[in-house]
Amino acid sequence: MGIRTMPWNEWIELDSSYQAYQRVRDFRLRTRGRNVARVLPTREDDTVKVLGGAEAAKELVYELAEYLSRRYPSSFRVSRIPSSASSVPSISGIPLSWEGKMPIRTIEAVDTDAKYDLSILETLDSVDMGEEAMKIVTGLVQEDMAIMIEGSDGKYYFQAGSICIPGFWRMSDKIGMPLDEIHVSGNVPQYKEKLQMSMERFFKRMPLDKPVIRNNYFMQVVKPAKAGEAGDNEPRLDVEEETASAVDPEELGWSESTNGREDDFLHGHGHSAQPAPYLEPSTLRLRSERQTLRRLPRTGAIIFGIRTYLFKVEELARERGVAGRLASAVRSWPDDVAVYKGRKMYREILLRYLDERAEIDGITGPVESMPGYPY
């Protein structure tokens, strides 16, 4: 699975792109609604019983509030419920706070001026409460978050999520599925042969105190920047005038240039768009996901965090040796991985450019590759 131990101070990462990412996430939440932030109720039928995602969503937002205010104290401000309060937010009688302090009441993201009153969750029930919690999660962090809950059959089910910037898949196609069905239906290469048993075993055995992290990468095409667009990152005042291309020119939320229109997408058939006429080195991006897994202490749910980064291929290739290594990695993909990553779409243009840059670097022939699949 390519996983490694995650230090706790690396669970959530903030960087200079925070405001731009949050504009995209906010736009996606406003325009896509429950397609990007959703919580399922408890499921109980002849095959399985699995709890709904609401309680885990509530626990997650309180965990994030405690973590962010400690890890990034200059970026997040919090207030706490007074000690005189007659009741406090809890799950199974356990207060939703750290180190014996009173639970957080409000949290403010300084860079976006977004302020959230967590006490609103106490006025809502079940799915409504959980979905409000996931909306708060959306506004706090750059990561997408999927909540996986164990069913009576021992499998883990995707029961809630804030999935605003997946780029290559839609939450509506996967929510409610068990872990194995998510990967098989998405045509993940070699999943059944090499990954299924180890992943299911890992989820069942994952302890509270050992979060993990892994990385992967894809290639993505974006539309060329229009004249006057560069550097214009200010949001439009009239929401109705905002468009995805204006708010998200790098196609972070949905890669239309690579996968076609989001509403027409067929699950498991990524890279289905026709090669764009504007496909050239300047419109190619390396899309990398930093994926984290940790278990929540009260509900036992597993949180799958996905932090996405986009890098311009032309900028990457300026660093000596990178072009040759990336070209070697792309050439090394097995056929099924190449199909999954859509290599046919961009191979000729990408490799010709990388080879030219490698020659400028004075590096020719095979070089040490980037990590192989499943990265």
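A brief structural summary. (Residues numbered from 1 in each chain as written. Predicted model: local features only at pLDDT ≥ 70, side-chain atom pairs only at ≥ 80, totals over all residues. Heavy atoms only, no water.)

In this section: the nonpolar core. Counting residues in hydrophobic clusters, the biggest one holds 42 residues, and the most contacted among them are L60, L64, L68, M145 and I147. Counting only elements with at least two residues in this core, the list comes to α2 (54-71), β8 (104-109), α3 (126-140), β10 (144-150) and β11 (156-162). (Core = buried A, V, L, I, M, F, W, Y, C linked by side-chain atoms within 4.5 Å. Buried < 20%, exposed > 50% of the residue type's maximum accessible area, 1.4 Å probe, protein only. Helix = DSSP H or I, 4+ residues; strand = E, 2+ residues; numbered from the N terminus.)

When we look at a pair of aromatic rings, we describe it by the centre distance and by the angle of the planes. If you walk through the whole model with that rule in mind, you get eight aromatic pairs. For the pair F218 and Y340, a centre-to-centre distance of 5.8 Å together with 55° between the ring planes defines the contact as tilted. One end of the pair, F218, is in strand β12 (residues 212-221); the other, Y340, is in helix α11 (residues 335-340), with 122 residues separating them in the sequence. For F218, a relative accessible area of 12% corresponds to the buried category. Between Y309 and F311 the ring centres are 6.3 Å apart and the planes differ by 15°, which places this aromatic pair in the stacked class. Between the NZ or CZ atom of K341 and the centre of the ring of Y217, over which it lies, the distance is 4.6 Å. (Phe/Tyr/Trp six-rings, centres within 6.5 Å; stacked < 30°, edge-to-face > 60°. Lys NZ or Arg CZ within 6 Å of the ring centre and 35° of its normal.)

Attention now goes to unusual backbone geometry. Not every positive phi belongs to a glycine, and E99 is a case in point at roughly 55°. Tracing the backbone through its elements, the reader meets E99 in the loop between β7 (94-95) and β8. Judged by relative accessible area, E99 falls into the exposed class, the value being 64%. We note that E251 has phi near 55°; this positive angle belongs to a residue other than glycine. Secondary-structure assignment places E251 in the loop between α7 (244-247) and α8 (256-259). A residue is classified by how much of its surface remains accessible, and E251, at 4% relative accessible area, is buried.

Turning to the pattern of salt bridges, a few remarks are in order. Under the defined criterion, the tally for this structure stands at 27 salt bridges. Linking E122 and K58 is a salt bridge whose minimum nitrogen-to-oxygen distance equals 3.0 Å. Separated by 64 residues along the polypeptide, E122 in the loop between β9 (114-117) and α3 and K58 in helix α2 bring together distant segments of the chain. Take E122: its relative accessible area is 42%, and that puts it in the partly exposed class. On the basis of relative accessibility, which here comes to 7%, the residue K58 falls in the buried class. For D264, the salt bridge identified is with R261, shortest N-O distance 2.7 Å. For R261, a relative accessible area of 45% gives the class partly exposed. Several salt bridges converge on common partners, so that one network encompasses R28, R32, R261, E262, D263 and D264. (Salt bridge = Lys/Arg side-chain N within 4 Å of Asp/Glu carboxyl O.)

Before going further, it helps to examine the sheet that holds β8. In space, the three strands of this open sheet follow the order β5-β8-β9, with antiparallel pairing throughout. The open sheet terminates on both sides in strands that have one partner only, identified here as β5 (76-80) and β9. This sheet shows a mean twist of 15° between the axes of neighbouring strands, independent of strand direction. Where β8 lies against β9, four bridges are found, and the strand directions are antiparallel. (Pairing = 2+ DSSP bridges. Axes fitted to C-alpha atoms, helices over the stretch in contact; angles between N-to-C directions.)

Among the structural elements, D173 can be located in helix α4 (residues 171-174). At 2.8 Å, the side chain of D173 and the side chain of R170 are in polar contact. Leaving out residues up to four positions away in the same chain, D173 has contacts with F265 and H267. (Polar contact = N/O pair within 3.5 Å; in protein donor to acceptor, adjacent residues only side chain to side chain. Contact = heavy atoms within 4.5 Å.)

The element β8 is largely enclosed, with a buried count of five among its six residues. The pairing of β5 with β8 spans five bridges and is antiparallel. Across the sheet, R77 pairs through a bridge with E108, a residue of β8. Connecting the antiparallel pair β8 and β9 is a turn made up of four residues, with D113 showing a positive phi of about 60°.

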